[in-house]
Amino acid sequence: MAHALLACSGVVLRGLCMSFVCLAASCLPPDFEIVPRENHPVSIDKALLTRSPDQFQEILNCEPRTFDLSNAIVDADANDPVTIAWLVDYAQGQSVQPDLIGFRRFSFDPCTNPKADAGKVSTIEAMVFDRSVPPDILEDVDKLKLFAADDVTSDSVVWFVGFDSDVCCP
């Protein structure tokens, strides 16, 4: 009797396995789509900047001027790796590296910055990306300005700074 029960249960188990294999082989995909995660655009809230880009920044003494994005970067996607690049007096075709990468603050010292020229207006630009930027792109500002990839957004802000020659330290 025990032998008959074992034989019978073996047949049932084989039948269950065969029906599972048949079902698995002929399964249809689910009738819903997996929606990719939406990437909300990163932005710089200019009202939250410590120095307004709408006002000319005149340096009247030999002190560096600090530009700060710490509280002004707005990104609804809290886990986005933000990339920040700072550019001083960028002109297309220079193929140079950014002046600073990865920091939310940038200190511009007209007395020591080789790009600063007394009596002329300098531009300080901060670019923010909501993804990591490949190193070969970060090495060339021209490439960085043109950088576009799926699911990457960016924003930038420009300040205008000026100083006279008698302001700088010797």
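Residues numbered from 1 in each chain as written. Predicted model: local features only at pLDDT ≥ 70, side-chain atom pairs only at ≥ 80, totals over all residues. Heavy atoms only, no water.

**Q** Is there a simple way to explain the packing of aromatic side chains in this structure?
**A** When we look at a pair of aromatic rings, we describe it by the centre distance and by the angle of the planes. As enumerated under the stated definition, the model contains 4 aromatic pairs in all. Summarising the aromatic geometry, the rings of W86 and F106 are spaced 5.4 Å apart at their centres and angled 15° between planes, so their arrangement reads as stacked. Highlighted residues: W86 in strand β5 (residues 83-88) and F106 in strand β7 (residues 105-108), separated in sequence by 20 residues. You'll find W86 and F106 in the same group, each marked buried. Each ring, one from W86 and one from W159, has its centre 5.9 Å from the other, and the planes form 15°; the classification is stacked. Separated by 73 residues along the polypeptide, W86 in strand β5 and W159 in strand β9 (residues 154-162) bring together distant segments of the chain. For W159, a relative accessible area of 1% translates into the label buried. One aromatic cluster in this structure is built from F67, W86, F106 and W159. (Phe/Tyr/Trp six-rings, centres within 6.5 Å; stacked < 30°, edge-to-face > 60°. Helix = DSSP H or I, 4+ residues; strand = E, 2+ residues; numbered from the N terminus. Buried < 20%, exposed > 50% of the residue type's maximum accessible area, 1.4 Å probe, protein only.)

**Q** I keep staring at the sheet that holds β5 and nothing clicks. Help me out?
**A** Within a sheet, each strand pairs with its neighbour through backbone hydrogen bonds, oriented either parallel or antiparallel. If you walk across this open sheet you meet the 5 strands as β2-β9-β8-β5-β6, and the pairing is mixed. The two strands at the open ends of the sheet, each matched to only one other strand, are β2 (57-58) and β6 (100-101). (Pairing = 2+ DSSP bridges.)

**Q** Please explain the pairing of strand β8 (residues 122-129) as it appears in this structure.
**A** A regular strand carries its side chains on alternate faces of the sheet. Across the 8 residues that make up β8, a large majority, 7, are buried. By the bridge criterion, 6 bridges tie β5 to β8 in an arrangement that is antiparallel. Of the residues in β8, the one forming a bridge with W86 is A126. Where β8 lies against β9, 8 bridges are found, and the strand directions are antiparallel. Note that in β9 the partner of A126 across the bridge is V157.

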